[in-house]
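# Geometric and topological summary
If you want the building blocks of each chain, they are given just below.
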Amino acid sequence: MARPMTMGEKILAAHAGLEEVVPGQLVECGLDLVLANDITAPIAIKTVREIGAGVFDRDKICLVPDHYAPNKDIKSAEQTKVTRDFAHEMGITHYFEQGCMGIEHALLPERGIVVPGDLVIGADSHTCTYGGIGAFSTGVGSTDAGVGMATGRAWFKVPETIRIVVDGELPAGASAKDIILYVIGLIGVDGALYCAMEFAGSTIEALSVEGRLTIANMAIEAGGKAGLFEVDDTCREYVSRRTQRAFVEYHPDEDAQYKQVIHIDAADIVPMVAWPHLPSNTHPVAESRDVKIDQVVIGSCTNGRIEDMRAAAEVLCGRTVADGVRCIVIPATQGVWLECVHEGLMDIFINAHCVVSTPTCGPCLGGYMGILAAGEKCVSTTNRNFVGRMGDPTSEVYLASPAVAAASAVAGHIALPSDL
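Quick caveat, the model's predicted, so the values are computed rather than measured.

On to the UniProt feature "binding site: [4Fe-4S] cluster" (unreviewed entry) in the chain, then. Those residues carrying the UniProt feature "binding site: [4Fe-4S] cluster" (unreviewed entry) are Cys-301, Cys-361 and Cys-364 in this numbering. Sequence-wise these annotated residues cover 64 residues; spatially they are packed, their C-alpha atoms never more than 9.3 Å apart. Owing to a relative accessible area of 9%, Cys-301 belongs among the buried residues under this scheme. Excluding its chain neighbours within four sequence positions, the residues that come into contact with Cys-301 are Ile-103, His-105, His-126, Asn-217 and Asn-383. Assignment of secondary structure puts Cys-364 in the loop between strand S16 (355–356) and strand S17 (377–380). Given a relative accessible area of 8%, Cys-364 falls into the buried group. In this structure, Cys-364 is in contact with Thr-382, Asn-383, Arg-389 and Met-390, ignoring residues within four places of it in sequence.

Counted by the stated rule, this structure contains 18 salt bridges. Ionic pairing is found between Arg-84 and Glu-97, a salt bridge with its closest N-O pair at 2.5 Å. Here Arg-84 is found in helix H3 (residues 74–90), whereas its partner Glu-97 is found in the loop between strand S4 (94–95) and helix H4 (104–111), with 13 residues between them in sequence. Arg-245 is the partner of Asp-118 in a salt bridge, and the nearest nitrogen-oxygen pair spans 2.9 Å. Linking Asp-118 in the loop between H4 and strand S5 (119–122) with Arg-245 in the loop between helix H9 (233–240) and strand S11 (260–265), this pair joins segments that are 127 residues apart in sequence. Three or more residues joined by partner-sharing salt bridges are found here, namely Asp-233, Arg-236 and Glu-249.

Leaving glycine out, the prevailing phi sign among residues is negative, and the prevailing peptide bond configuration is trans. Looking along the chain, the bond that leaves Ala-69 and enters Pro-70 is cis, with omega of -5 degrees. Looking at where Pro-70 falls in the secondary structure, it is placed in the loop between strand S3 (61–64) and H3.

Turning our attention to the sheet that holds S5. Strand order in this open sheet of five strands is S4-S3-S2-S5-S6, and the pairing throughout is parallel. The open sheet has two edge strands with one neighbour each: S4 and strand S6 (136–139). As paired elements, S5 and S6 share four bridges and run parallel to each other. Bridging from a neighbouring strand, Gly-122 pairs with Gly-139 of S6. Running over the sheet, H4 touches strand S2 (33–37) and S3 and is turned about 140 degrees from S2. Against the sheet, helix H5 (residues 142–151) makes contact with S2, S3 and S5, and its axis sits at roughly 135 degrees relative to S2, the strand it touches most.

This paragraph deals with the state of the cysteines. In this structure the tally under the stated criterion is zero disulfides. We note that Cys-128 lacks a disulfide partner, and the nearest cysteine sulfur, in Cys-301, lies 8.4 Å from it. On the basis of relative accessibility, which here comes to 1%, the residue Cys-128 falls in the buried class. Among the cysteines around Cys-235, which has no disulfide bond, Cys-128 carries the closest sulfur, lying 16 Å off. By relative accessible area, which is 1% here, Cys-235 ends up buried.

Within the secondary structure layout, Arg-384 lies in the loop between S17 and strand S18 (396–399). Polar contacts involving the side chain of Arg-384 include one to the side chain of Ser-125, which spans 3.1 Å. Only 2.9 Å separates the side chain of Arg-384 from the side chain of Glu-221, close enough to count as a polar contact.

Procedures and definitions
- Residues numbered from 1 in each chain as written.
- Predicted model: local features only at pLDDT ≥ 70, side-chain atom pairs only at ≥ 80, totals over all residues.
- Heavy atoms only, no water.
- UniProt positions renumbered as here; feature names shortened; annotations may be inferred.
- Buried < 20%, exposed > 50% of the residue type's maximum accessible area, 1.4 Å probe, protein only.
- Contact = heavy atoms within 4.5 Å.
- Helix = DSSP H or I, 4+ residues; strand = E, 2+ residues; numbered from the N terminus.
- Salt bridge = Lys/Arg side-chain N within 4 Å of Asp/Glu carboxyl O.
- Pairing = 2+ DSSP bridges.
- Axes fitted to C-alpha atoms, helices over the stretch in contact; angles between N-to-C directions.
- Disulfide = S-S within 2.5 Å.
- Polar contact = N/O pair within 3.5 Å; in protein donor to acceptor, adjacent residues only side chain to side chain.

Take a look at the structure:
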């Protein structure tokens, strides 16, 4: 009889063809999907060429040019062309060109390309997002992704698991983004280093799938190998509306062994802001009102879904962005963009004097569509606020939820919607 296992251990064991695994064990697993973008795909493609075997399954590779697309310069155009040409040559099923693309980690769940129980690697650190729907997904280097594309297999060291149990009702104004900022502030940016983070509790169960994806997305900001949520009726309904693919649910055993179990009272989680220059440098918004800002970014693979657009629009409705502040809104996919149009959110954004972009990672990584000048400060719904992340090394990025970001755009300084 197999030893009691956590959710992540069960998924890795199943994909390794083993009855059980233990933390620290090296296993070779079959992959359900390999992902790369316009920055990382060219290196992965070079690896595939060197192996000389083509791709293992054209239906299990996903290429999404989202970081510098639409192309911002000649170099980014060449990067995207390498990706595009390879996708056409290999007949890659899941290749998303401009016009039907989106930010990869919002696009894949939206399109039903990833389902619960999948094992996914991606040449992007925020591949951990798909744990929000019960998949074990993790970021790897471009070379590892290339090997995965060619062979359909990858090596893993089975991680230990930290279980994070959040119970109770969130205070008014607090959201999924505040939960993960609170957790990262609590344990630090290396608090879950190479560990699977398993989220549970009544607060977690009450979250939408979009909220769960937000939390899973930032597991890497605590050093996590993966962020995992159990499949429940909310998840099943979300997935069933997007794909007919059969999937397997993996639930942790009651007596599974964890490296650590952290219990959090949801009442302690207030709207948060991560100050520069680490996601763990968290402060309540109420203690951050003196920070004047130059820019706001609402979007990204963390908070660019329709739920996030609605939260921002609710705050911006009937208001305008403060003089001297630039507010950039980036719906994460074309689908989200259209929903914004149909629901009248675009009217709200434009009337509030926001800039609305086509889906792109853009400013999150200091790419384009919102680079900061020396000394400028930005409130952003993205996931990282490292030195120089969004522009000049002396600029500053403050991470927050869509509602707080929108309120800050109107106030001209970090603010709560209730401050307006």
